[in-house]
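Chains, contacts and geometry: an overview
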Amino acid sequence: MGKVVHDFWHVVLESWEMTLANLQIDQDRVVEELEKLATFSDAPEPAVTRILFSPTELAARAYIRQLMRDAGLAVREDGVGNIFGRWTGAQPDLPPVSTGSHIDAIPFSGRFDGTVGVLGGVEAVRALKQVGFQPERSIELIMFTSEEPTRFGLGCLGSRALTGSLAPDQLAELQDDKGRSFVEVRNSAGYQQNLNEVAIKPGAYDAFIELHIEQGPRLEQANLPIGLVTSIAAPATMRVTLEGEGGHAGAVLMPGRRDALAAASELILAVEQAAFSTGRRDSVATVGLMQIHPGAVNSIPSHIVMEIDIRDTAQAPRDSMVAFIQAALEKIGKKRQIEASIEILNADPPSQSGADLLKVMRKACDKLHLEYMELVSRAYHDTLFMSKICPTAMIFIPCKNGYSHRPEEYASPLQIQRGVRLLAQTLADISSNYPAN
Ligand code: HGY
Ligand code: MN
Ligand code: MN
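All figures in this text were calculated on a predicted structure; none of them were measured in a lab. (Residues numbered from 1 in each chain as written. Chains lettered and ligands numbered in written order. Predicted model: local features only at pLDDT ≥ 70, side-chain atom pairs only at ≥ 80, totals over all residues. Heavy atoms only, no water.)

**Some remarks on the pairing of strand E11 (residues 303–312)**
The buried fraction of E11 is high, at eight of ten residues. As paired elements, strand E9 (residues 234–243) and E11 share ten bridges and run antiparallel to each other. Within E11, the residue paired with Thr237 across the bridge is Asp309. Bridge analysis of strand E10 (residues 284–293) against E11 gives nine bridges, and the strand direction is antiparallel. Across the sheet, residue Val284 finds its bridge partner in E11, namely Arg311. (Buried < 20%, exposed > 50% of the residue type's maximum accessible area, 1.4 Å probe, protein only. Helix = DSSP H or I, 4+ residues; strand = E, 2+ residues; numbered from the N terminus. Pairing = 2+ DSSP bridges.)

**A look at the site of ligand 1**
Around ligand 1, the neighbouring residues are Glu147, Glu148, Gln215, Arg311, Ala379, Tyr380 and His405. Residue Glu147 places a side-chain N or O atom 3.1 Å away from a nitrogen atom belonging to ligand 1. Interatomic distance of 3.1 Å between a side-chain N/O atom of His405 and an oxygen atom of ligand 1. Considered on its own, ligand 1 offers 210 Å² of accessible surface; in the complex 94% of this is hidden by protein. Grouping the constituent residues of the shell around ligand 1 by class yields two nonpolar, two polar and three charged. (Near = heavy atom within 4 Å. Polar contact = N/O pair within 3.5 Å; in protein donor to acceptor, adjacent residues only side chain to side chain. Areas by Shrake-Rupley, 256 points an atom, 1.4 Å probe, with all protein chains shown as cover. Nonpolar A, V, L, I, M, F, W, Y, C, P; charged D, E, K, R; others polar.)

**Details of helix H11 (residues 355–367)**
Between its first and last C-alpha atoms H11 spans 18 Å; for 13 residues at 1.5 Å apiece the expected length is 18 Å, and the two agree. His369 sits one or two residues past H11 and shows a positive phi near 55°. (Expected span 1.5 Å × (residues − 1).)

**What to know about the coordination of the manganese ion (ligand 3)**
Reference values for coordination geometry: four tetrahedral donors around a metal ideally subtend 109.5 degrees, six octahedral donors ideally subtend 90 or 180 degrees. For the manganese ion (ligand 3), the protein coordination sphere consists of His102 (NE2), Asp113 (OD) and His212 (NE2), at 2.1 to 2.3 Å. Here the donor residues of the manganese ion (ligand 3) are spaced in sequence according to H-x10-D-x98-H. Between the manganese ion (ligand 3) and the manganese ion (ligand 2), both coordinated by Asp113, there is a metal-metal distance of 3.6 Å. With His102 in strand E4 (residues 97–102) and His212 in strand E7 (residues 207–213), this pair connects stretches of sequence that are 110 residues apart. Side by side, His102 and His212 carry an identical accessibility label, which is buried. (Donors = N, O, S within 2.8 Å, 3.2 Å for Na, K, Ca; no water.)

**Things to note about the sheet that holds E11**
As summarised here, the arrangement of the four strands in space is E10-E11-E9-E12, forming an open sheet in which the pairing is antiparallel. Edge positions in the open sheet fall to E10 and strand E12 (339–347), since each of these has one partner strand only. Geometrically, the sheet is characterised by an average inter-axis angle of 15° between neighbouring strands, direction not taken into account. Contacts from helix H9 (residues 260–277) reach E9, E10 and E11 within the one sheet, and its direction differs from that of E10 by about 170°. (Axes fitted to C-alpha atoms, helices over the stretch in contact; angles between N-to-C directions. Contact = heavy atoms within 4.5 Å.)

**Remarks on H9**
For H9, built from 18 residues, the straight-helix expectation of 26 Å at 1.5 Å per residue is met to within 8% by its first-to-last C-alpha distance of 25 Å. Listing the buried residues of H9 in full gives Ala260, Ala263, Ala264, Leu267, Ala270, Val271, Ala274 and Ala275. Across the axial projection of H9, the buried residues extend over an arc of 145°, all falling on one side. Structural note: H9 exposes Leu269 and Phe276 on the side pointing more than 90 degrees away from its buried face. Among the structural elements, E9, E10, E11 and helix H10 (315–336) are those in contact with the buried residues of H9. Structurally, the start of H9 carries an N-cap: the backbone nitrogen of Leu261 is 2.8 Å from a side-chain oxygen of Asp259. One or two positions beyond H9, positive phi appears at Gly279, with a value near 70°. (Arc of directions from axis to C-beta.)

**Re the nonpolar core**
Counting residues in each nonpolar core, the largest one holds 59 residues, and the members touching the most others are Leu128, Ile416 and Leu422. The contact partners of Leu422, leaving out residues within four places of it in the chain, are Ile226, Leu228, Met361, Ala364, Cys365, Leu368, Leu370 and Ile395. The next biggest cluster of nonpolar side chains, apart from the first, holds 23 residues, and it includes Ala263, Val271, Ile310 and Ile332. (Core = buried A, V, L, I, M, F, W, Y, C linked by side-chain atoms within 4.5 Å.)

**Details of the domain arrangement of the protein**
You can read the domains of the protein as domain 1 (2–233 + 350–431) and domain 2 (234–347). Each of domain 1 and domain 2 has a C-alpha centre, and these two points are 35 Å apart. Each side of the interface is counted separately: domain 1 has eleven residues, and domain 2 has eleven residues. Around 920 Å² of area is buried between domain 1 and domain 2 when both sides are counted, 55% of it from carbon and sulfur atoms. When the area that domain 1 buries against domain 2 is broken down by residue, the three leading residues are Ala233, Pro350 and Arg378, summing to 49%. Note that Arg378 is salt-bridged to Asp282, the shortest N-O span being 2.7 Å. The tally of links between domain 1 and domain 2 comes to two residue pairs in polar contact (both at pLDDT 80 or more). In terms of residue class, the side of domain 1 that touches domain 2 is built from eight nonpolar, one polar and two charged. (Domains from an automatic or database assignment. Buried area = accessible area lost by both parts, 1.4 Å probe. Salt bridge = Lys/Arg side-chain N within 4 Å of Asp/Glu carboxyl O.)

Below, the structure written as structure tokens:
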């Protein structure tokens, strides 16, 4: 009996492998769609600005929904605006496998960050359908809401809410820089579903894979087409408010000034010092955002709000940088008689990729003759939060000079094609019950 069963599986596997061997990724179509998506932007070409729930982003969402429908996916959206496209498998009651990323873009950034994972997911599904592949487990493509922190100060809003890492009352507290609440903005964007129904349970998905540009130079320097991400660095964001005393830039003499911007400048250098203080090359710290009040050349700055981005691949050194900055702020505040306050907007742990998933992906790379390296992701992604509810992994493709979050961001059609091909193979392997050897 054993031999019959073995032969049966062998035949099934053979024909299945044959099917997938003919898989074709239409790279021109993906590139065309990426270019089209890039036209939904509030910045002049080649930059892209696409802020959560702006009219431009809402138009881009409609485009994504259409592409998902045209690919034969059943589309639904949740109360925070995550968009799901499902390909129902032969065993629809099993937890699906999933893939996806984001399409929102920070001001004056590039056209490949996030979008390669969403449009690459659509193309992977089309290619699998094209060769007649039928998944056992359903395959779900997810476009996450607001992976970027631009509008509400917190990154990965959609994947945090989906995985229960951001409760409805925490969502309700979020405000944009015009004082508009997340709930108000999402309502006017047409999302009125109950926020209590957004979070899903651990195990709701069997796995999650994200395809993304590396946003760093290592693959290009190593001249490799694929990166398999082993872990994602631990991100933290702090908002610091400094209250000094304003006044006439000409009439107020220097002794006794309480210049909030001068204090902020000392803190910026302390942020840089914090990153060097760990002695680790994986420690990074950045002040990328600052509001100066009143913001006139002849008026002493009285009120500063600044945001600080702190990361390390390990949590302990990341936390030591947070403590370093808190201590520095206290000292500067005392010395300059400035009232200072710190709000920690997020301080997330790093995430590790699923060992079994990595095994499947290594085999898929070998099968496709794609050389790869394993590496850490220094950028955070929705995968960081999906890892709280299921095994996750990421596929990186190279990007020119490692550029990202700037208009020169670029991945070639061939690099995109290889990433999508590996994604398709991996989705086929993990969504079927056939042993993926
Ligand atoms: O900032 C990040 O790591 C991501 O690109 N939002
Ligand atoms: Mn980004
Ligand atoms: Mn991204």
